Amino acid sequence: MPLFDPDSGLLIVSGNVSDLSLSLSVSHCLTDVSTRGVALVPKLALDVGCCEVLRLMQLTDNFIVPISYQVPRKDFHADLYPDTVGHTPAMTAEDWWKGENKQVLTSSGLEASTSSSPLSTPSSSAAPSRSPSSTSGLSSGFLPSPSQSSRAIHSMLGPSSKFRHIQGAVLHRDTHITNLRGLHLTTPGECDGFCANGQRVAVPLAIAGGQIAVFELSQPGKLPDTALPTIQNSVNVADFCWDPFDTHKLVVAGDDAKIRVWQIPKGGLTETLTEPERVLRGHTEKIYSIKFHPHASGLLASSSYDLTVRLWNLETGEEVKRLSGHQDQIFGMAWSPDGKLLATVCKDGKVRLYDPRKSTLPVQEGPGPEGQRGARVVWVCDGKYLLVSGFDSRSERQLYLFSAESLASGSVASAPADVSPSTLIPFYDPDTSVLILTGKGDTRVYIYEIVPEAPYFMECSSFHSSEPHKGLCFLPKAECDVRDVEVARAIRLGKTTIEPVAFRVPRVKKEFFQDDVFPETAVWWEAALTAAAWLSGSNGQHRKISMRPKDMTPLSEAPKEAPVRKYLPSSVYLEEKTDEQKKEELLSAMVAKLGNREDPLPQESYEGVDEDEWVSKELTPQTHTPDD
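Criteria and thresholds
- Residues numbered from 1 in each chain as written.
- Predicted model: local features only at pLDDT ≥ 70, side-chain atom pairs only at ≥ 80, totals over all residues.
- Heavy atoms only, no water.
- Helix = DSSP H or I, 4+ residues; strand = E, 2+ residues; numbered from the N terminus.
- Buried < 20%, exposed > 50% of the residue type's maximum accessible area, 1.4 Å probe, protein only.
- Contact = heavy atoms within 4.5 Å.
- Pairing = 2+ DSSP bridges.
- Axes fitted to C-alpha atoms, helices over the stretch in contact; angles between N-to-C directions.
- UniProt positions renumbered as here; feature names shortened; annotations may be inferred.
- Salt bridge = Lys/Arg side-chain N within 4 Å of Asp/Glu carboxyl O.
- Core = buried A, V, L, I, M, F, W, Y, C linked by side-chain atoms within 4.5 Å.
- Phe/Tyr/Trp six-rings, centres within 6.5 Å; stacked < 30°, edge-to-face > 60°.
- Lys NZ or Arg CZ within 6 Å of the ring centre and 35° of its normal.
- Patch = residues over 30% accessible without salt bridge, like charges linked within 9 Å, V, L, I, M, F, W, Y side chains within 5 Å.
- Areas by Shrake-Rupley, 256 points an atom, 1.4 Å probe, with all protein chains shown as cover.

Let us now look at the overall build of the protein chain. Regarding its fold elements, the protein chain presents eight helices and 42 strands. Here the protein chain, with 628 residues, has 46% of them falling under the buried criterion. In the protein chain, the share of contacts with a sequence separation of at least 24, taken over all contacts with a separation of at least 6, comes to 54%.

Next up on the list: the sheet that holds strand β31 (residues 411-416). Within a sheet, each strand pairs with its neighbour through backbone hydrogen bonds, oriented either parallel or antiparallel. If you walk across this open sheet you meet the four strands as β28-β29-β30-β31, and the pairing is antiparallel. Since the sheet does not close on itself, it has two edges, and those belong to β28 (376-380) and β31, each with one partner. The mean angle between the axes of side-by-side strands here comes to 20°, regardless of whether they run parallel or antiparallel.

To continue, consider the UniProt feature "repeat: WD" (unreviewed entry) in the protein chain. UniProt feature "repeat: WD" (unreviewed entry): in the numbering of this structure it lies at residues 280-322 and 323-355. The span residues 323-355 is 0% helical and 52% strand by assignment, and the distance between its end C-alpha atoms comes to 9 Å.

For the rest of this paragraph, the subject is the pattern of salt bridges. This structure, assessed with the given rule, holds 30 salt bridges. In this structure, R310 engages E319 in a salt bridge whose closest nitrogen and oxygen atoms are separated by 3.0 Å. Notably, a salt bridge pairs D484 with K510, separated by 2.9 Å at the nearest N-O pair. Here the residue D484 occupies a position in the loop between β37 (471-474) and β38 (486-493), and K510 occupies one in the loop between β39 (498-504) and β40 (521-522), the gap between them amounting to 26 residues. Residues joined by salt bridges that share partners form a network here, namely D306, R310, E319 and R322.

Attention now goes to the nonpolar core. Note on soluble globular proteins: their nonpolar side chains tend to be buried together. Judged by nonpolar contacts, the single largest core of 23 residues is most densely connected at I436, F503 and F518. Those elements giving two or more residues to this core turn out to be β33 (434-438), β34 (444-450), β37, β38 and β39. Examining the composition of this core, we find that three residues originate from one element, β38, more than from any other. In terms of nonpolar packing, the next biggest core, distinct from the first, is built from 18 residues, L401, A413, Y428 and F457 among them.

Attention now goes to the packing of aromatic side chains. Inspection of the entire model under this criterion finds 10 aromatic pairs. An aromatic cluster is built from F427, F463, F474 and F503, whose rings are joined through pairwise contacts. Above the plane of the ring of F391 lies R373, whose end atom (NZ or CZ) is 5.3 Å from the centre.

This brings us to a nonpolar patch on the surface. Taken together, the side chains of F4, L11 and V13 define a hydrophobic patch exposed on the protein surface, amounting to about 250 Å² of accessible area. Structurally, the position occupied by V13 is in strand β2 (residues 10-14). V13 gets classed as partly exposed once you look at its relative accessible area, which sits at 35%.

Read across the open sheet, the four strands follow the order β15-β16-β17-β18; overall the sheet is antiparallel. Of all the strands in the sheet, just β15 (237-243) and β18 (278-280) have a single pairing partner and so form its edges. Neighbouring strand axes in the sheet, compared pairwise and without regard to direction, differ in orientation by 20° on average. Pairing of strand β17 (residues 259-263) with β18 involves three bridges; the strand directions are antiparallel. Bridged to V261 within β18 is R278.

Take the environment of V33 next. Within the fold, V33 resides in the loop between β4 (28-30) and β5 (37-40). By relative accessible area, V33 is classed as partly exposed at 36%. Sequence-wise, V33 and T60 are 27 residues apart; in three dimensions their C-alpha atoms are separated by 6.9 Å.

A few words on unusual backbone geometry. Each neighbour pair has its own omega, and for A454 with P455 the value is 10°, a cis peptide bond. By secondary structure assignment, the location of P455 is in the loop between β34 and β35 (457-459). A positive phi angle is found at S234, which is not glycine, with a value near 70°. Residue placement: S234 occurs in the loop between β14 (230-232) and β15.

Next up, the structure:
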């Protein structure tokens, strides 16, 4: 019974009922029981993650057995998976009778990948492989085919293929800051726990007076055992963040409803600071969180227990807007990418949108997470959607996606995470649509690619740390090593260490600039306009720059390699053999499978018994005593 796979050129031949072998064009597979029939599984059902190129279903007297053929490689290899035919017919029978000839479309790999669960991977739906059926010799029949492009990956894995195997790795110990002592581990849930920019990191300490230590990333190594210079806020710290347009300016919100603005001297802290540059007063109760405007310099938003969100102009120290409408604790807030809108998620179960320059009340609101343990919000997909990380009614962590145009309709998609008391803190990279989340005290970092259509959440590889961390803070895109295809750089705060973590996309041709992964990026670390200009109605956008080094050629402009033959000629791995030789090889393989019968029997090594005596005892059953 011959079966042929046109994608790989592999031919499978199986015999009749008594046959125990399956012959492939490059190897044999010996089965445990006789075969009554075999059938090929459709290509779109294969586990491409483990390089499964064929799967058969073997029918025996009592079972249906899956048999998997895998090429011994790691990850996904486009040369093994050309575009395959889909499930949609090209024409009707009547069209064919009329003389038409059309080919079945090969774009259904994306359709197959999106029809499964949003968080499922191809490996989750694949049947288990049987080790006797796997063949390492299969790889010898293939040569890499440069003609297969990235569209083969897209066809097989859908939108998640580009970042599905993203890898997180802690950088070398020489870049770490160690011997960190006295870390404050109980910051409020609305606070990220610590913050970093491209030059320095601020860490709260468990010392009276709301003290914050500042460390220069350019000065790694072991910290001294002696006391360090700090920033003294005189009250417990509620939240703090760096000015995105000034790496020396740190803004701290305290339990006393005040916001303090600190200026860090060049070169870092050399002495303890006790007097802030400016103090913002206006809130009547403790502050939840603070967020800088993404485009306007010196424009800050703050949320408070007084259930208001206030906007501040740091240049003048004045409150410029006061937003109301919340009925309970404000868990989180986020500015839209264009800087026009402000989104909030609240304990009262609502997600709200504000247009601060037009109204002090929300312009939209809709149902948010049911759980009341905490939540965060971030804008994704060019500002078309809001992603909220929160809890469901059973206190399990969940991700929710809302359309920014219709919050009242509720979430358009959701994805479960796990059970943990800490809120997942999201980071979103607009260049790659990659979402990275982790919580304070977690050891796992979740990674998704967010797409603006079903299935919305495309799960990627997770990053695991050996010990619980305080969280991750992400640095500007300019800090990434594009030569190593690094798409995000974070700072991980451990119990006693500060460690850089690189998130990389595995690529083969690293000598070329991967322009499909690195589009022009927004220079979000430079202001586009002033706070006064924004308040007067102006809107600014960040300029964009290319991340391509001058000495690197874009991958899209790489010279095309001459096509090579995909398959080795059969003469390379198969010799011309007679029927007798093939039969002898098959018998030898079957004997090897069942055990070599020419091996000496255990009794042949016994002493004191003649060989003819063993024969007589086998022919004539006798009763033996223990002495025998």
